Amino acid sequence: MIKIMFVCLGNICRSPMAEFIFKHIAAERGGAFFAASSAVSSEEEGNSVYPPAASILARHGISCEGKRAVRFNARDYEHYDYVVCMDTRNVRAICRMTNNDPLGKVSRLLDFSDNPRDISDPWYTRDFETAYSDIYEGCEALYDYLMKKGAVS
Ligand code: 4NP
């Protein structure tokens with residue numbers, strides 16, 4: 001069982017989208033994964049997924065019901081195999097919280113793709129379509145990477 005923690009700033013837009021898109025891909029295609037998501041800030045703690053993010057997931061047949069924002073905890077670093085951030089700022093924040101990622105678990109989601117880049121924050125850009133397609137691209141690339149490494153169902 002491979003354990004993945006997706007991380008963004010608030011845990012109400014990008015990282016919950018990544019969590020539920022990844023779970024959707026894994027449910028359709030197979031593989032032994034556990035996925036969750038969390039925030040580097042405590043700003044949105046306890047809040048549900050931001051409605052425009054939840055509705056774009058719903059339009060693609062993906063539910064995020066019941067998800068509430070939680071903050072990344074230093075113990076998560078021990079528990080999870082991969083800490084997959086949405087942008088470079090998140091990576092820096094997680095490195096500060098984990099004594100500089102001694103086990104090399106931290107990366108950006110789109111580092112797994114052919115075109116490594118940040119996922120722009122739709123909270124500021126208001127472009128939830130681009131966020132969805134970038135996150136979907138990253139989740140597929142991450143899934144393919146892990147399956148090649150032997151994450152069998
Ligand atoms: P997220 O977006 O990091 O993709 O969840 C944000 C949500 C809320 C805030 C910032 C980013 N905020 O400052 O409250």
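Everything below is about the structure printed above this text.
All values derive from a computational prediction rather than experimental measurement.

Reading the values: rules and limits
Residues numbered from 1 in each chain as written. Predicted model: local features only at pLDDT ≥ 70, side-chain atom pairs only at ≥ 80, totals over all residues. Heavy atoms only, no water. Disulfide = S-S within 2.5 Å. Buried < 20%, exposed > 50% of the residue type's maximum accessible area, 1.4 Å probe, protein only. Core = buried A, V, L, I, M, F, W, Y, C linked by side-chain atoms within 4.5 Å. Helix = DSSP H or I, 4+ residues; strand = E, 2+ residues; numbered from the N terminus. Phe/Tyr/Trp six-rings, centres within 6.5 Å; stacked < 30°, edge-to-face > 60°. Lys NZ or Arg CZ within 6 Å of the ring centre and 35° of its normal. Axes fitted to C-alpha atoms, helices over the stretch in contact; angles between N-to-C directions. Parallel < 35°, antiparallel > 145°, perpendicular 65-115°, else oblique. Left-handed = near helix turned anticlockwise from the far one by under 90°. Contact = heavy atoms within 4.5 Å.

With that settled, the discussion passes to the state of the cysteines. Considering all chains together, one arrives at zero disulfides under this definition. Cysteine Cys 85 remains unbridged, with the sulfur of Cys 95 as its closest cysteine sulfur at 7.6 Å. Cys 8 supplies the cysteine sulfur nearest to Cys 139, a cysteine that is in no disulfide, at a spacing of 12 Å. By relative accessible area, Cys 139 is classed as buried at 0%.

This next bit is on the nonpolar core. Judged by nonpolar contacts, the single largest core of 38 residues is most densely connected at Ile 4, Phe 6, Ile 21, Phe 22, Leu 109, Ile 135 and Leu 142. The set of elements that each furnish at least two residues to this core consists of β1 (2–8), α1 (14–29), β2 (33–39), α2 (51–59), β3 (82–85) and α6 (128–148).

Attention now moves to the packing of aromatic side chains. Inspection of every chain in the model, using the stated rule, returns nine aromatic pairs. Relative to Phe 128, the ring of Tyr 50 has its centre 6.0 Å away and its plane inclined at 40 degrees; by these criteria the two rings are tilted. Placement of Tyr 50 in the loop between β2 and α2 and of Phe 128 in helix α6 is noted, with a sequence separation of 78 residues between them. Phe 128 gets classed as buried once you look at its relative accessible area, which sits at 9%. Linked through ring pairs, Phe 6, Phe 22, Phe 33 and Tyr 143 together constitute an aromatic cluster. Across from the ring centre of Tyr 77, 5.1 Å away, lies the NZ or CZ of Lys 105, which sits over that ring.

Packing of α1 against α2 brings their axes to within 10 Å, and their N-to-C directions diverge by 15 degrees. Here α2 runs roughly parallel to α1, going by the angle between their axes. Between α1 and α2 lies a crossing whose hand is right-handed. Listed contacts from α2 to Met 17, Phe 20 and Ile 21 of α1 are Ala 53, Ile 56 and Leu 57.

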